[in-house]
Amino acid sequence: MIHQYIADLAGYALQTGLIEAADFTWAVNSLLQVLGLDDWEERVPVERPLEEILTGILDWAEAQGRIDGGVTSRDLLDTKLMGVLTPRPSQVLAVFRDKYRQSPETASDWYYKFSQDTDYIRRYRIVKDVKWVAPTPYGDLDITINLSKPEKDPKAIAAAKLAPQSGYPKCLLCRENEGYAGRMNHPARQNHRVIPITINQEDWFFQYSPYVYYNEHCIVFNGNHVPMKIDRATFRKQLDFIRQFPHYFVGSNADLPIVGGSILSHDHFQGGRYTFAMEKAPVEQAVSFPGFADVEAGVVKWPMSVIRLRCADDARLVDLADKILRAWRGYTDEAAFIFAETEGEPHNTITPIARMRDGKYELDLVLRNNITTEEYPLGVYHPHQELHHIKKENIGLIEVMGLAVLPSRLKGELALLAEALVAGRDIRADETLAKHADWAETLQGRYTFTRENALDILKKEVGVVFAQVLEHAGVYKCTAEGRAAFLRFIESVK
């Protein structure tokens, strides 16, 4: 049966264009070599899903004692198999550039499909993520329960930034991952190909995220392993990328722990082809900045504190964004509990997002602050304790824009909680569900739970909690007092 699976895998590569007809025998022999086989019985390829083919080969390898059967060892082997069938980087780049000459959209369409066909993006895992849309006063928020990537603890992320750099590749974003065989503590990437680009006269690279939290979720990363840094050059790089790929948005996580993303040690952006709720949110109050009458500016109706800038001249956007960033870095307003630094530790930074809209460049500048207190040790502008039963992790770029990436545990917990609410069981007595007890009791006072509606109610209310998460992360609250404090900062930008 193993010979049939090998034939099917080579047939899949032929059907998806990873190899050509003249490569078929070579592909079969290459797969035999990976599996340690030296004989072959001719088989006619059968067209079936890639997951089914790879599962058959992995099950055979496990039965033969060639792998231990764990997810990591299986991933190492199937990536090695797909790597054999993946064209060389120079070939991939030649096709991408040829497609780009037709249009940036044609190039990205091809590259996105290619990244799935090589199994770098594992379609069959991504579809298992649970997704829904939740209505809130800020618009429809996207909710996803992540089943394809483990969640990370904020303190662990902060510690990782301080850890000494070692190993090869230095991190999961380094360009040296392209073609890397992997190991038990580092994923295999033989089937991974990256596209070199130039932004702000620097060598960067473009790839897709293997986890695809939204459509065409891409990562744009520095060719050098240097830490995240938000500065004037950040805005220039983002707008350079948008000029080259105007159908995409691109944003950056902040460069400080707690309010930053999961990888602070390597400078990178995330982008893609998706319209988030924040982009749909309107400007609720127009504002202006001295010397920039040609730049449209306003405060966005959003739970986090967002200044939106629009202009046909991208250089003007860079100038104004830099001015706002420098002002925010040094801004303190004790009455609003905004401190630029405490004991020499800086707290203020920005999460910037760039896009093209109606022929103009647009920048959303999200003001961030990572100060902690005894009451809020994980961050004052971070989900507070009462929301940790749903979301405890950092509020990074993706969440800022309105997509909740929730931990995998919630899939089972929400189902169990729905059953418990319908049955009227004691939730506090349940070790798994006790963390949700306060929330559940509040909901019981507002709803009558039935077997038909319980899970839908919980999903809707998870969206309400996520809106509260974003409110907690906002440095200026959506109140008269909060908006007045926000305007004080804007007026301080000279």
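Since the model is a prediction, treat every value here as computed from it, not as a measurement.

Attention now goes to the overall build of the protein chain. Counting its secondary structure elements, the protein chain contains 16 helices and 15 strands. A compact globule built from 494 residues should have a C-alpha radius of gyration of about 23 Å, and the protein chain, at 25 Å, falls within 12% of that. Overall size of the protein chain, expressed as C-alpha extent along the three principal axes, is 75 × 60 × 45 Å. In the protein chain, which comprises 494 residues, the share counted as buried stands at 56%. Of the charged side chains in the protein chain, 57 are positive and 68 negative; the average position of the first set lies 3 Å away from that of the second.

Attention shifts here to the sheet that holds strand β2 (residues 139-145). An order of β1-β2-β15 is seen for the three strands of this open sheet, with the pairing classed as mixed. The two strands at the open ends of the sheet, each matched to only one other strand, are β1 (130-136) and β15 (403-406). Each strand axis lies, on average, 25° off the axis of its neighbour in the sheet, ignoring direction. Note: β1 against β2, seven bridges, orientation antiparallel. Paired with valine 133 across the strands is aspartate 142, a residue of β2.

Next up on the list: the side chain of glutamine 238. Considering the arrangement of structural elements, one finds glutamine 238 in helix α9 (residues 232-244). Apart from the residues lying within four places of it in its own chain, the contact partners of glutamine 238 are Val250, Gly251, Ser252, Phe269, Pro352, Ile353, Ala354 and Leu363.

Mapped onto the secondary structure, valine 464 falls in helix α15 (residues 454-473). Exposure remark for valine 464: the relative accessible area of 32% places this residue in the partly exposed category. Measuring from C-alpha to C-alpha, the distance between valine 464 and proline 135 comes to 8.0 Å, with 329 residues separating the pair along the chain.

The next point concerns the pattern of salt bridges. A full pass over the atoms with the stated rule returns 46 salt bridges. For arginine 308, the salt bridge is made with glutamate 362, and the minimal N-O distance between the two is 3.8 Å. Of the two residues, arginine 308 is situated in strand β10 (residues 306-311) and glutamate 362 in strand β14 (residues 360-369); the sequence distance between them amounts to 54 residues. The two residues arginine 308 and glutamate 362 agree in class, both being buried. Salt-bridge contacts for aspartate 364 lead to arginine 355; the nearest nitrogen and oxygen are separated by 3.1 Å. Residue classification places aspartate 364 among the buried residues on the basis of a relative accessible area of 0%. Each of Glu279, Glu296, Arg308, Arg310, Arg355, Arg357, Lys360, Glu362 and Asp364 takes part in a single network of salt bridges with overlapping partners.

What follows concerns the pairing of β1. By the alternation rule, side chains of β1 split into Val130, Trp132, Ala134 and Thr136, which are all buried, and Lys131, Val133 and Pro135, of which none is buried. The loop that links β1 with its antiparallel partner β2 comprises two residues.

Cut-off values and rules
Here, residues in each chain are numbered from 1, in the same order as that chain's written sequence. The predicted origin of the model limits local features to residues at a pLDDT of at least 70 and limits the giving and counting of side-chain atom pairs to 80 or more, whereas totals for whole chains, interfaces and linings rest on all residues. Heavy atoms throughout the structure, all of them, feed into the side-chain values; hydrogens and water do not. In DSSP terms, a helix is any run of H or I states spanning at least four residues, a strand is any run of E spanning at least two, and both are numbered starting from the N terminus. Put simply, the radius of gyration uses C-alpha atoms, and a globule should come to 2.2 Å times the residue count raised to 0.38. In this scheme, a residue with accessible area under 20% of its type's maximum is buried, one over 50% is exposed, and one in between is partly exposed, where area comes from a 1.4 Å probe on protein chains only. Positive charges are assigned to Lys and Arg, negative charges to Asp and Glu, while His and the chain termini are left out of the count. Where a charge lies is defined by one atom per residue type, namely NZ (Lys), CZ (Arg), CG (Asp) and CD (Glu). Paired strands, as defined in this entry, are two strands with at least two bridges between them according to DSSP. In this description, a line fitted to the C-alpha atoms serves as the axis of each element, helices being fitted only across the stretch in contact, and the angle between N-to-C directions of two axes falls anywhere from 0 to 180 degrees. By definition, residues are in contact when any of their heavy atoms lie within 4.5 Å. The rule for a salt bridge is simple: a side-chain nitrogen of Lys or Arg has to be within 4 Å of a carboxyl oxygen of Asp or Glu.

Structural measurements only, silent on function.
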